[in-house]
Amino acid sequence: MTAIQKIKGFADLFPEDARAFTRMEEAARAAFGRYGFGELRTPVLERTELFAKGIGEDTDVVGKEMYTFTDRGERSLTLRPEATAGVLRAAIEAQVIEPASSGRPTRLYTFGPMFRYERPQKGRMRQFHQINAELVGSPEPQADVEVILMLEDFLSGLGIADLSFELNSLGCRQCRPAYRAALTAAFEALDAEKLCEDCRRRMRTNPLRVLDCKVPGCRALVKDAPVIGDHLCADCREHFAAVLSLVDRAGLKYTLNPRLVRGLDYYQRTTFEVTSGAIGAQTAVAGGGRYDGLVKLLGGPDAPGVGFACGMERLAMLMEKSEAPRPDFYLAVTDARAVDAGILLAHKLRQRGLAGECDYQAGSMKSRLRHAGRINARKCYIIGTEEFDAGQVAIKDMDEGGQLTIDIAAFD
Ligand code: HAM
């Protein structure tokens, strides 16, 4: 019978890879904790309308990539393609968002699997994992900067070097309409036939999305399109200038990317991405920005927000592989009668805080010592015939080579 295989675009993480994920989570907990963020865990399944409304019907994520199905109660549900909408849904539902005037923003982070039906390739999965942080309830540019600095803090704590920060401002409800009109006019002046089918529609419905299109023909055609920076209203210009000035003073290196529109519709004002040239075609390891208006759109108070998400699979590619932790002991048994005694002794060692494995079957001394070397145990505890009869255990120091024999009762 052929064995059942995993689904395309989904991955199994064995200890070597899972260790990198654990390290990332621990580093995130430590870094985000220093900025006053608390952990939130939300369900992987949400009502489809949450994403349709929050992320935007015209985005690739909602239009083409969601895992949506009808449950047995005829409800349309979707495996979350990202975390922001669910985090905000939870914060609104639990009424933890205070008005911006309170000066007490809500700071939450979350980790977990996200699902997008994309074409799998290196660094692009259908189930992938994000580390996500949201700061809700502050319109101030300082909030954008703290979130960006927290991201940088976290990434540098992982020892990942050579990352580029890109920043842009997407304007707001006041200035975006004029920019959209300028974009539409520019696209109409182009040979629209050369745009892909989606972009021919988007140039009227949501022209910013055309800038985000990955089709090479579209990219080439839009390269001289107007840039948002030339259309920002005075407030957005002031906000972005304040962000850049503070980021400069904090010493963060970045480049301005006027084409950085992001793939989700909720962004306003500051957007940012972190890229690496070392992981293939999928270069973005993190992305985020400000989403004023989204909380209200989802039925909550009129609270602004800013946040980011990192792709854990992509970060893992940039991290040094970490060694498996070294076992303190390997408990070897070379006499079948001693198996239970071995289990009980190993249990006592673990109760003392030591880590290691033990045999369920007796074997030859040679094969046992070879195994102790293979798993790199610090000490090999051996219960053979002589030891068993005497109620003893031999302890071999695998580094120094010395050996001593002691009574098992000494561990009671
Ligand atoms: P995003 O840019 O769609 O933003 O995703 C963030 C990161 O998730 C990407 O930079 C990438 O590293 C990773 N990622 C996305 N799709 C995949 C995939 N198919 N395979 C592997 N990794 C992937 C968001 O999701 C926003 N919710 C971020 C945010 C939070 N904005 C404000 N708050």
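Here, the structure is the one placed above.
About the criteria used
- Position numbers for residues start from 1 in each chain and track the written sequence from start to end.
- With pLDDT at 70 or above as the cut-off, local features in this predicted model cover only qualifying residues; side-chain atom pairs require 80 or more to be listed or tallied, and sums for whole chains, interfaces and linings still use all residues.
- Working from all heavy atoms in the structure, the side-chain values ignore hydrogens and water.
- Helix and strand labels come from DSSP, where a helix needs a run of H or I of at least four residues and a strand needs a run of E of at least two; each type is numbered from the N terminus.
- Any residue under 20% of the maximum accessible area for its type is buried, any over 50% is exposed, and the rest in between are partly exposed; the area is computed with a 1.4 Å probe on protein chains only.
- Whenever a nitrogen or oxygen atom comes within 3.5 Å of another N or O atom, the pair is scored as a polar contact, on the condition that within protein one atom can donate a hydrogen and the other can accept it, and that pairs from neighbouring residues in sequence are kept only if both atoms are in side chains.
- Note on contacts: a residue pair qualifies if any of its non-hydrogen atoms lie within 4.5 Å across the two residues.
- When DSSP finds at least two bridges between two strands, those strands are taken to pair.
- Axis lines are fitted to C-alpha atoms, over the contacting stretch for helices. Their N-to-C directions set the angle, which ranges from 0 to 180 degrees.
- For this count, His and the chain ends are skipped, Lys and Arg are scored as positive, and Asp and Glu as negative.
- The rule for a salt bridge is simple: a side-chain nitrogen of Lys or Arg has to be within 4 Å of a carboxyl oxygen of Asp or Glu.
- For this description, a residue counts as near a given molecule or strand if any of its non-hydrogen atoms is within 4 Å of it.
- The protein chains shown are the only cover counted for residues, whose accessible areas, like all others here, come from Shrake-Rupley with a 1.4 Å probe.
- Each residue receives one of three labels: charged for Asp, Glu, Lys and Arg, nonpolar for Ala, Val, Leu, Ile, Met, Phe, Trp, Tyr, Cys and Pro, and polar for the others, Gly being one of them.

Colleague: So what exactly am I meant to see when it comes to the side chain of Arg209 here?
Modeller: Structurally, Arg209 can be placed in helix α8 (residues 208–211). We classify Arg209 as buried; its relative accessible area is 4%. At 2.2 Å, the side chain of Arg209 and the backbone oxygen of Arg262 are in polar contact. Beyond its immediate sequence surroundings of up to four residues, Arg209 is in contact with Asp58, Thr59, Arg202, Val261, Arg262, Gly263, Leu264 and Asp265.

Colleague: Honestly, the sheet that holds strand β15 (residues 392–397) in this entry has me stumped. Any pointers?
Modeller: By definition, the strands of a sheet pair up through backbone hydrogen bonds, in either a parallel or an antiparallel sense. What the five strands build is an open sheet, ordered β13-β12-β14-β15-β16; its pairing is mixed. Each edge of the open sheet carries a strand with a single partner, namely β13 (356–358) and β16 (403–407). Each strand of the sheet is rotated relative to its neighbour by a mean of 20 degrees, with strand direction disregarded. Inspection of the sheet shows β15 paired to β16 by five bridges, in the antiparallel sense. Counterpart to Ile395 in the pairing with β16 is Leu404. Each of β12 (329–333), β13, β14 (379–383) and β15 touches helix α13 (residues 339–351); the most contacted strand, β12, lies at about 165 degrees to it. Each of β12, β13, β14 and β15 touches helix α14 (residues 365–374); the most contacted strand, β12, lies at about 170 degrees to it.

Colleague: Honestly, the side chain of Glu134 in this entry has me stumped. Any pointers?
Modeller: Assignment of secondary structure puts Glu134 in strand β6 (residues 127–136). In this structure Glu134 is buried but unpaired, with Arg262 as the nearest side chain of opposite charge at 9.1 Å. At 2.8 Å, the side chain of Glu134 forms a polar contact with the side chain of Thr84. For Glu134, the side chain forms a polar contact with the side chain of Tyr291, separated by 2.7 Å. Apart from residues no more than four positions distant in its own chain, Glu134 is found in contact with Phe37, Thr84, Val87, Thr106, Arg107, Leu108, Tyr291, Val306, Gly307 and Phe308.

Colleague: I keep staring at the site of the ligand and nothing clicks. Help me out?
Modeller: Residues in contact with the ligand amount to 27 residues; listed here are only the nearest, Glu82, Glu118, Met125, Tyr267 and Ala284. Separating a nitrogen atom of the ligand from a side-chain N or O atom of Glu118 is a distance of 2.6 Å. Summarising the interface, the protein chains cover 95% of the accessible area of the ligand, which totals 660 Å² for the free molecule. Elements with a contribution of two residues or more to the shell around the ligand: β6, β10 (284–290) and β11 (305–311). Ranked by residues supplied to the shell around the ligand, first place goes to β10 with six residues. Class assignment of the residues belonging to the shell around the ligand gives a composition of eleven nonpolar, nine polar and seven charged.

Colleague: Just to check I follow, could you spell out the pairing of strand β9 (residues 270–276) for this structure?
Modeller: Side chains on a regular strand alternate between the two faces of the sheet. The buried count for β9 comes to seven of seven residues, which makes it a mostly enclosed element. Side-chain alternation along β9 places Thr270, Phe272, Val274 and Ser276 on one buried face and Thr271, Glu273 and Thr275 on a second face that is also buried. Taken together, the seven bridges between strand β7 (residues 163–169) and β9 define a ladder with antiparallel strand orientation. From the neighbouring strand, Phe165 faces β9, where its bridge partner is Val274. Both β9 and β10 contribute to a ladder of five bridges, which runs antiparallel. Across the sheet, the residue bridging to Thr275 is Ala284, located in β10.

Colleague: What is the right way to read the environment of Gly401 from this model?
Modeller: Mapped onto the elements, Gly401 comes out in the loop between β15 and β16. The exposure class of Gly401 is partly exposed, given its relative accessible area of 39%. Sequence spacing of Gly401 and Phe111 is 290 residues, and the spatial spacing of their C-alpha atoms is 45 Å.

Colleague: What should I look at first to understand the pattern of salt bridges in this one?
Modeller: Pairs can form between side chains of opposite charge once their charged atoms are near each other. Per the stated rule, a full pass over the model turns up 25 salt bridges. Asp17 is paired through a salt bridge with Lys321; the nearest N and O atoms lie 4.0 Å apart. Separated by 304 residues along the polypeptide, Asp17 in helix α1 (residues 15–34) and Lys321 in the loop between α12 (312–318) and β12 bring together distant segments of the chain. Since its relative accessible area comes to 57%, Lys321 is described here as exposed. Measuring nitrogen to oxygen at the nearest pair gives 2.7 Å for the salt bridge that ties Arg326 to Asp399. Of the two residues, Arg326 sits in the loop between α12 and β12 while Asp399 sits in the loop between β15 and β16, which places them 73 residues apart along the sequence. What makes Arg326 partly exposed here is its relative accessible area of 25%. When salt bridges that share partners are traced, they join Asp58, Asp60, Lys64, Asp198, Arg201 and Arg202 into one network.

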